[in-house]
Each structure stands twice: as C-alpha cells, then as structure tokens.
Amino acid sequence: MGVNDLNATPDKTPDATIDTTLDVGDLCTVRDFLRLGVTEFTRARLVFGHGTATALDEAAFLILIALDLPHDELAPWLDCRLTASEKSRIVALFQARIATRKPAPYLVNAAYIQQHRFYVDERVIIPRSFIGELLPNGFVGVVADPARIARVLDMCTGSGCLAILAALVFETARVDAVDVSADALDVARRNVTDYHLDHRVRLFESDLFAGLPAGSRYDLIIANPPYVATAEVAAFDPEYAAEPILAHAGGTDGLDVVRRIVGSAAAHLETNGTLVLEIGTGRERFEAAYPGLDVMWLDTETSEGEVLAVSAAALQSNSKGRSPGKRTAN
C-alpha cells in the first residue's frame, strides 16, 4: 500500500501553535458542523488520503460515523439539529484529528471498502487498495474462469479486508491470508470473525510464502505488499507516518517485496492461476526490471497502471527464460 492519493502540502510540519479548542457557539445543524470541520481542517493543513481526499470528505466521514449514519450519505441529514451529546462527540473527533494528525479511520476504528466496513487500529495500514475496487466483478477478463476459483491467497493481508472480499466474491472458495505481523493478524482475525468467515478464511503468520502449508497452490493470488521507496517513507506526512512503517517500506526503489513475490508466485499457483499485484506508482521501475514479462495492467476509477495481473505461465516463462532487467531473444 502506498501514498498515491496523498494530498501533499507545501509545509509538512504540523503547526505546534494550533489551538484545538473549537468554539461551537450557536452551531446547531449537521451543516454547521460540516462547515466547522472543513474550516478547521484547512487551517490545520491536514493531509488526507486514507479513504477521503479532501477536508470536506474527512469532516463528513467523521460526522456520519459519530452519528451512526450511513458513511456515504450526507445530504439527507444536513439540516438536522444535533443534541448536545452529539455535538460533543463530533467536536472531540475534530479536535483529535487536528491534535494527533492520525487518519480519521484510526479515530473511529472503522474503514470502508465500498459498502464493507472493517475494524482498524494502528496495528494495521488503513485499507485503501485498488484491488478492492477490482474484486467485486470477480476479475472477469483477468482470470481464466472466475466461477472455478477454488483457492485464493491474500498476501500481506493486513486487516484481512481483501481476503474477506475475496471470500464474499468467490462464494465457494477457500481463502488463505498471510502477514508477517502478528499484530496485524490479530486485527484480521477480528474482521474475519465479524464477517462469520472463520470456516473459509485461514490466517497464517508468515514471511510471504515461507509459512504456508507444504504444497499449497492457488487459483488466484492477490497481493498488496509494501511498495513505497525508502526516501518517500522518510518524507511521510504525519498521517502516513502513523501507519505501521512495515506496511509501506519497499526498499530503495519500492520493489523489494514485489520482486520476492514475483519470483516465488509461480511455485504456488495452479497451472491456470493468476497473480494480481498492486505496485503503486512503480510501473516504470517494474517494467524496467521485467522487460519481457507479459502482464495486464488493470485500471480502476481512481488509478491507472498501479495494479497488474500476470498468469502462472508467464511467471514460469520469465523465471526460466530471463532474469529481471534483461530481455532475451525470442
């Protein structure tokens, strides 16, 4: 997971002089507090990109969650008057967002991929994978036969959100989910249980493929590994620095973990299997490293060239016929 949707600001240093005491005065309605949030978040120069892209979206998200309202439907409630306790809850969240610079999902322990809600805390990266946009259609046109997907592997599962979505989309499939972080797996386990999928989703603490049961092979591997380059991690805004660095750090060029996955995936895919891999903005670096690898780039409504699909056959051909970064004659 990377920072592709990061709204960077010229001055990344939080202003230690910001007064987080908000004067609500005569504010009464949801609309009033929405305006307050946008104003204060803009003044505080907050950074967004963890499920929201603007101060308006962030304020709306916090208000709706505080009021236990649908997270994506603000308009019907704009002119509703708030009780004193509701005002207090909203103001407390606004103050915490400004004072801590933690992304909003950490403050409310909730993140969404489309209509699916997941528990999150600071043990996991906040879900926002582009693969989550692609999963609902079952990767039609990407995998050989979506209806015959029987085994799925979610590599670098974090909160478990993609493993859960895969289990919901491929209704008869068994899903294995892997992460090197025991803390992340504790969060994933909670989400798997919340979705009543313990009988179909297995969790493994493992350094990529190393800890999987011997002989495990899959029709589909989905992977959203760390892919942010070292220099970019060092320059993170506070919101991104609040997430586990392990979930971002992809080495000097951002491809350290990506290379390991590409190098090992074929041995864990069925003959007609497919690897779907998110690499963020590293497409040029990836294509330079694997010039002859036959991949399909999968665009979404919010991304272009950040997710790829590659078949088991192509991966095997690459490993036998050439080394990364070196094209061989046909």
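These numbers were taken from a predicted model, which means no experiment stands behind them.

**A short note on the sheet that holds strand β6 (residues 218-223)**
With respect to topology, seven strands assemble into an open sheet ordered β5-β4-β3-β6-β7-β9-β8, the strand pairing being mixed. Whereas interior strands pair on both sides, the edge strands pair on one side only; in this sheet they are β5 (201-205) and β8 (296-300). Each adjacent strand pair in this sheet contributes to an overall mean axis angle of 20°, direction not counted. As judged from the five bridges shared by strand β4 (residues 174-179) and β5, these two strands associate in the parallel manner. For D179, the partnering residue across the bridge sits in β5 and is E205. Against the sheet, helix α6 (residues 161-169) engages β3 (151-155), β4, β5 and β6, with an angle of about 175° to β4.

**Here we look at helix α10 (residues 256-264)**
Every buried residue belonging to α10 is among V257, V258, I261 and V262, and all of these are buried. One side of α10 carries all its buried residues, which in axial view fall inside an arc of 135°.

**Here we look at the packing of helix α2 (residues 55-66) against helix α3 (residues 84-100)**
It is at 9 Å that the axes of α2 and α3 come closest, and there the two elements cross at 140°. Considering their axes alone, α2 and α3 lie oblique with respect to each other. Handedness of the α2/α3 crossing: right-handed. Here E58, A59, L62, I63 and A66 of α2 lie close against α3, whose contacting residues are R89, I90, L93, F94 and R97.

**Points about the nonpolar core**
The biggest cluster of nonpolar side chains holds 33 residues, and the ones touching the most others in it are M155, L275, L277, F286, L293 and L315. Among the secondary structure elements, those contributing two or more residues to this core are β3, β6, α10, β7 (269-278), α11 (283-289), β9 (303-311) and α12 (312-321). In terms of residue count, the dominant contributor to this core is α10 (four residues). Formed by 32 residues, the second largest nonpolar core is a distinct cluster that contains L22, L36, A55 and A59.

**What to know about the environment of A173**
Along the chain, the position of A173 falls in the loop between α6 and β4. A relative accessible area of 0% means that A173 is categorised as buried. A C-alpha to C-alpha distance of 6.9 Å links A173 and V152, two positions 21 residues apart in sequence. Ignoring sequence-local partners within four residues, the contact set of A173 consists of I149, A150, R151, V152 and R200.

**Brief notes about the packing of aromatic side chains**
Under the definition given, this model contains five aromatic pairs. Members of the aromatic cluster, connected to one another through ring pairs, are F286, Y290 and W297. Positioned over the ring face of Y119 is R190, at 3.7 Å from the centre of the ring.

**A short note on the pattern of salt bridges**
Under the counting rule described, the total for this entry stands at 15 salt bridges. The partner of D176 in a salt bridge is R202, and the shortest N-O contact between them spans 2.9 Å. Within this pair, whereas D176 is found in strand β4, its partner R202 is found in strand β5, the two being separated by 26 residues in sequence. Overall, the relative accessible area of 2% leaves D176 in the buried class. Note that D253 and R259 form a salt bridge whose closest N and O atoms lie 2.3 Å from each other. The exposure class assigned to R259 is partly exposed, which follows from its relative accessible area of 31%. Here the salt bridges share partners, and the residues they tie into one network are E58, R97, R101 and E239.

**A closer look at unusual backbone geometry**
A negative phi angle is the norm for most residues apart from glycine, just as the trans form is the norm for most peptide bonds. In this structure, D68 takes a positive phi of about 55° despite not being glycine. Structurally, D68 can be placed in the loop between α2 and α3. Although it is not a glycine, F139 adopts a positive phi angle of roughly 60°. Looking at the element boundaries, F139 is found in the loop between α5 (131-134) and β3.

**Some remarks on the packing of helix α1 (residues 30-43) against α2**
Closest axis-to-axis distance for the α1/α2 pair is 8 Å, and the angle between their directions is 130°. By the angle between their axes, α1 is oblique relative to α2. Considering the relative orientation of α1 and α2, their crossing is right-handed. Listed contacts from α2 to V30, F33, L34, G37, V38, F41 and T42 of α1 are A55, L56, E58, A59, A60, L62 and I63. Partitioning the contact of α1 with α2 into residue classes produces eleven nonpolar, two polar and one charged.

Parameters at a glance
- Residues numbered from 1 in each chain as written.
- Predicted model: local features only at pLDDT ≥ 70, side-chain atom pairs only at ≥ 80, totals over all residues.
- Heavy atoms only, no water.
- Pairing = 2+ DSSP bridges.
- Helix = DSSP H or I, 4+ residues; strand = E, 2+ residues; numbered from the N terminus.
- Axes fitted to C-alpha atoms, helices over the stretch in contact; angles between N-to-C directions.
- Contact = heavy atoms within 4.5 Å.
- Buried < 20%, exposed > 50% of the residue type's maximum accessible area, 1.4 Å probe, protein only.
- Arc of directions from axis to C-beta.
- Parallel < 35°, antiparallel > 145°, perpendicular 65-115°, else oblique.
- Left-handed = near helix turned anticlockwise from the far one by under 90°.
- Core = buried A, V, L, I, M, F, W, Y, C linked by side-chain atoms within 4.5 Å.
- Phe/Tyr/Trp six-rings, centres within 6.5 Å; stacked < 30°, edge-to-face > 60°.
- Lys NZ or Arg CZ within 6 Å of the ring centre and 35° of its normal.
- Salt bridge = Lys/Arg side-chain N within 4 Å of Asp/Glu carboxyl O.
- Nonpolar A, V, L, I, M, F, W, Y, C, P; charged D, E, K, R; others polar.

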